[in-house]
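An overview of the molecular structure
In case you want the letters, here they are:
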Amino acid sequence: MTTLLALDRVSTFYGPVQALREVSLTVEQGEIVTLIGANGAGKSTLMMTIFGTPAAKSGRITYQGRDITRLAPFEIARLGLAQSPEGRRVFPRMSVEENLLMGAQVVKYADYEKQLALVFELFPRIEERFNQRAGTLSGGEQQMLAIARALMSKPKLLMLDEPSLGLAPLVIKQIFGAIRQLNRETGLTVLLVEQNANQALRLAHRGYVLVNGVITLQGSGAELLAKPEIRAAYLEGGH
Amino acid sequence: MAYALQQLINGLTLGMIYGLIAVGYTMVYGIIGMINFAHGDVFMIGAFVGIIVLTALTGITSVPLGLLAAFLLAAVFCGVYGFAIERVAYRPLRGSFRLAPLISAIGMSILLENYVQVSQGALERAIPNLIPGGFTLMDENGFVVQLSWMQISIVVVTLIVLAVFTYIVTKTPLGRAMRAVEQDAKMAALLGIDTNRTITLTFIIGSCLAAFAGVMFLLYYGVIDFYIGFNAGIKAFTAAVLGGIGSLPGAVLGGLLIGLIEAFWSGYATVAYKDVAVYSILAIVLMFMPSGLLGRHEVEKV
Ligand SMILES: Nc1ncnc2c1ncn2[C@@H]1O[C@H](COP(=O)(O)OP(=O)(O)O)[C@@H](O)[C@H]1O
Ligand SMILES: [Mg+2]
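Here goes a summary of the coordinates provided. Counting restarts for each chain: residues are numbered from 1 in the order of the written sequence. Whichever chain is written first is A, and whichever ligand is written first is 1; the rest continue in order. Reporting of local features is limited, given that this is a predicted model, to residues whose pLDDT is at least 70; pairs of side-chain atoms are given and counted only at 80 or more, and all residues count toward the totals for whole chains, interfaces and linings. Each side-chain value is worked out from all heavy atoms of the structure, with water and hydrogens disregarded.

1. Comments concerning the sheet that holds strand β5 (residues 66-67) of chain A
All names here are of chain A. This is how the line gets drawn: When DSSP finds two or more bridges between a pair of strands, those strands are recorded as paired. Helix and strand assignments come from DSSP, with helices taken as H or I runs of at least 4 residues and strands as E runs of at least 2, each series counted from the N terminus. The contact criterion used is simple: two residues touch if any of their non-hydrogen atoms lie within 4.5 Å. Angles here are taken between N-to-C directions and fall from 0 to 180 degrees, while the axes themselves are lines fitted to C-alpha atoms, restricted in helices to the stretch in contact.
Read across the sheet, 4 strands follow the order β2-β1-β4-β5 without closing on themselves; strand pairing throughout is antiparallel. Where the open sheet ends on each side, the last strands, each with one partner, are β2 (17-28) and β5. Relative to β5, strand β4 (residues 58-63) runs antiparallel, the two sharing 2 bridges. By the bridge assignment for β5, T62 is matched with D67. Those strands touched by helix α1 (residues 43-50) are β1 (3-14), β2 and β4, and its axis lies near 115 degrees from that of β1.

Next up, the structure:
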């Protein structure tokens, strides 16, 4: 296996406040890696730091062996990383189609057609809502659109920040099913942030636990699921 | 009746010019949330480039060719000015406190006015009417309603410019990028949009529209000076607010309304108070519709 993404002792600050403390993490080609942690642990900050906004204050981020720590967000996006960010952030006053076109900004038209077919297959809802304004979609539909938009760039690394947040169990099942299907059938590498630790760890090959900006545990999905401290902190009483 | 029709024609012609300028204000506001106070002066520079080109070409080329050259060169010059203004006065202040770019904008406006005053002189400059003639629509007891070729040309050119502009904004990747940056700049960057480049292009396009407006103003009134940008700028800015700042159709609608209010007020009340009428109506509209006529008030799920 080759390493697609590596973070080496990355620290990020918001003004004087440190949100990430020397975080090291790797994502291998073809893997699903999940990052779990409580609210405010720094998961979204980590996702955004990979994209350079906010940029890491110290440490190194490499993608396909190339140092991307100091690149602008739009340059990073053009290297084959795509993110469905926290809060979905679909463009509310654009149609579903235009949101998907925005996702395909960095690819050729032939790829657009191909990715569109893939997205329609994964989320038939997206096809039904193709001409509707994104701001008028339901929460679940917006989440599907955010993931679909990320997929339109034909990414090598798909990054998803809490795709299950606020969604009905059935929709969550559909979204996790789509992630698994993409990984199995196309070998897509996925970095998945979740509070929903149980399902995330079942889906992922490996996982990291983030507590107050520090990685405290790591291991395979099954290993982490079996750990008593994980069960106590993230699973018991949960799903 | 005839008199009202004449005011309607005059008001719509003037309103078209205001609308073109207003689009530039509203675009820049939409994308970076600031009022570009130097925009009226870019319009003024467009008028000056127009008069320089037309004066130089008089007798050398035919009138249509001269006009084409005037429009194109004004657009090129104003595009360069728009680009430079954004680079020099606004970009370095992005992320600074909110008032900083506003102060910088006012400084830029004063700078451009003085620069034109020094380089072109403080006196009014005039050109003859290049599109003379027209036809009589109506003759009511000796009151003749005129529709001039000039007015028709201004309306037609504005409609063409607005059509091309609308196509760019709604149908092309550049227009989509502009709207994306306007709606969520950070997300646009995460998708590979170079937001700085998009903002630069927005300034250039807005400045080209102001250039077209400037040349048409010159053709319509025949007289310009270094100060025309101030008045027209304030009127167009008012038009953008009246229509709903950030809304492109709103800017055009606002421009037309202000042109009409001015024309009718001057025609039926007194010319001296036409600005009072414009601002009173703005105040009244904003009291009942705080986001302007076509401003945003749609429901969005989060
Ligand atoms: N834009 C911001 N400015 C200042 N502090 C922030 C900002 N975003 C997040 N934080 C802080 O950084 C910490 C990590 O937040 P976040 O990355 O959103 O956590 P998570 O995604 O794990 O819930 C929190 O303490 C949060 O308050
Ligand atoms: Mg988060």
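That covers the picture; the talk isn't over yet.
2. What to know about helix α7 (residues 169-186) of chain A
Residue and element names in this part refer to chain A. Spelled out, the test is: Between the first and last residue of a helix there are one fewer steps than residues, each counted as 1.5 Å, and that sum is the expected span. Only protein chains enter the accessibility calculation, which uses a 1.4 Å probe; a residue whose area is less than 20% of its type maximum is buried, one above 50% is exposed, and one in between is partly exposed. Starting at the helix axis, one direction is taken to each C-beta atom, and the arc is that of these directions.
Between its first and last C-alpha atoms α7 spans 25 Å; for 18 residues at 1.5 Å apiece the expected length is 26 Å, and the two agree. Among all positions in α7, only I172, I175, F176, A178, I179, L182 and N183 are buried. Relative to the axis of α7, the buried residues are bounded by an arc of 145 degrees and lie together on one face. Facing away from the buried side of α7, by more than 90 degrees, are the exposed residues P169, L170, K173, R184 and E185. In this fold, the buried residues of α7 make contact with β3 (32-36), α4 (109-122), α6 (139-151), β7 (157-161), β8 (189-194) and α8 (197-203).

3. Overview of the interface of chain B and chain A
To keep things clear, this is the line we draw: Computed with a 1.4 Å rolling probe, the buried area is the accessible surface lost when two parts are put together, summed over both parts. What makes a salt bridge here is a side-chain nitrogen of Lys or Arg within 4 Å of a carboxyl oxygen of Asp or Glu, nothing more. Any residue outside Ala, Val, Leu, Ile, Met, Phe, Trp, Tyr, Cys, Pro, Asp, Glu, Lys and Arg is labelled polar, Gly included; the first ten of those are nonpolar and the last four are charged.
Taken together, the contact between chain B and chain A spans 22 residues of the former and 27 residues of the latter. For the pairing of chain B and chain A, the buried interface totals around 2400 Å² over both sides, and the portion due to carbon and sulfur atoms is 56%. When the buried area of chain B at its contact with chain A is split by residue, Q183, L190 and L191 of chain B rank highest and sum to 28% of it. For the pair chain B and chain A, the interface holds 3 salt bridges. With 12 residues, the single largest contributor to the side of chain B that touches chain A is helix α6 (residues 173-190) of chain B. The residue inventory of the side of chain B that touches chain A, partitioned by class, reads 9 nonpolar, 3 polar and 10 charged.

4. Topic: the coordination of the magnesium ion (ligand 2)
This is how the line gets drawn: Each metal site lists N, O and S donors within 2.8 Å (3.2 Å for Na, K and Ca). With water left out of the atoms, a site can look as if it is missing ligands.
Coordination sphere of the magnesium ion (ligand 2), protein contribution only: S44 of chain A (OG) and E86 of chain A (OE), at 2.1 to 2.4 Å. Of the two residues, S44 of chain A is situated in helix α1 and E86 of chain A in the loop between β6 (81-84) and α3 (96-103); the sequence distance between them amounts to 42 residues.

5. Describing the packing of aromatic side chains
For any pair of aromatic rings, the description rests on two quantities: the centre-to-centre distance and the angle between the ring planes. Residue and element names in this part refer to chain B. Stated formally: Planes of paired rings set the category: under 30 degrees apart is stacked, over 60 is edge-to-face and the rest tilted, where pairs are Phe, Tyr or Trp rings (Trp by its six-membered ring) whose centres lie within 6.5 Å.
If you walk through the whole model with that rule in mind, you get 16 aromatic pairs over all chains. Centroid distance F43 to F217: 5.4 Å. Interplanar angle 80 degrees. Geometry classified as edge-to-face. You can see F43 sitting in helix α2 (residues 39-57) and its partner F217 sitting in helix α7 (residues 195-221), a full 174 residues away along the chain. Assigned by exposure class, F43 and F217 land together as buried. Grouped by ring-pair contacts, the aromatic residues Y3, F143, F264 and Y268 constitute a single cluster.

6. What about the sheet that holds β6 of chain A?
All names here are of chain A. Taken in spatial order, the 6 strands make up an open sheet running β6-β7-β8-β3-β9-β10, and their pairing is mixed. With one partner strand each, in any of the chains shown, β6 and β10 (214-220) form the two edges of the open sheet. Across the sheet, the mean angle from the axis of one strand to that of its neighbour is 15 degrees, orientation sign disregarded. Taken strand by strand, α7 contacts β3, β7 and β8, and its axis lies near 155 degrees from that of β8.

7. Side note on the pattern of salt bridges
All names here are of chain A. A full pass over the atoms with the stated rule returns 17 salt bridges over all chains. Here K108 ties to D111 by a salt bridge, and the two come within 3.7 Å at their closest N and O atoms. D111 sits in the buried class, given a relative accessible area of 12%. Where E128 meets R125, a salt bridge forms, and the shortest distance between an N and an O atom there is 3.5 Å. Residue E128 and its partner R125 are both found in helix α5 (residues 124-128); the two are separated by 3 residues, about one turn of the helix. Residue classification places R125 among the partly exposed positions, given a relative accessible area of 37%. Through salt bridges with shared partners, a single ionic network connects R125, E128, R129 and E141.

8. Some thoughts on the environment of T69 of chain A
Residues and elements named next belong to chain A. The criterion, for reference: Two N or O atoms form a polar contact when they lie within 3.5 Å of each other; inside protein one atom must be a possible hydrogen donor and the other a possible acceptor, and for residues adjacent in sequence the pair counts only when both atoms belong to side chains.
Along the chain, T69 falls in the loop between β5 and α2 (73-77). Look at T69 and you get buried, because its relative accessible area is 5%. Along the primary structure T69 and S153 are separated by 84 residues, whereas in three dimensions their C-alpha atoms are 21 Å apart. With near-sequence residues (within four places) excluded, T69 lies in contact with A56, G59, R60 and I61. From its side chain, T69 meets the backbone nitrogen of I61 in a polar contact 2.9 Å long. Side chain to side chain, T69 and D67 meet in a polar contact 2.5 Å long.

9. Considering a nonpolar patch on the surface
Residues and elements named next belong to chain B. Here is the rule we go by: Put simply, a patch holds well-exposed residues, over 30% relative accessible area, that have no salt bridge, with like charges counted together within 9 Å and Val, Leu, Ile, Met, Phe, Trp or Tyr side chains within 5 Å. Here the accessible surface of atoms and residues is derived via Shrake-Rupley with a 1.4 Å probe, and residues count as covered only by protein chains that are part of the display.
Nonpolar side chains collect at one region of the surface, where L73, V76, F77 and V80 lie side by side and expose about 360 Å² of accessible area between them. Relative to the elements of secondary structure, V80 occurs in helix α3 (residues 63-90). Taking relative accessible area as the criterion, V80 reaches 52% and is therefore assigned exposed.

10. Points about unusual backbone geometry
Residues and elements named next belong to chain A. For the bond from T53 to P54, the omega torsion is 5 degrees, close enough to zero to count as cis. Within the secondary structure layout, P54 lies in the loop between α1 and β4. We note that R88 has phi near 70 degrees; this positive angle belongs to a residue other than glycine. Within the secondary structure, R88 sits in the loop between β6 and α3. You can call R88 buried: its relative accessible area is 11%. The backbone of E162 sits at a positive phi, close to 45 degrees, despite the residue not being glycine. Structurally, the position occupied by E162 is in the loop between β7 and α7.

Any link to function would need more than the numbers given here.
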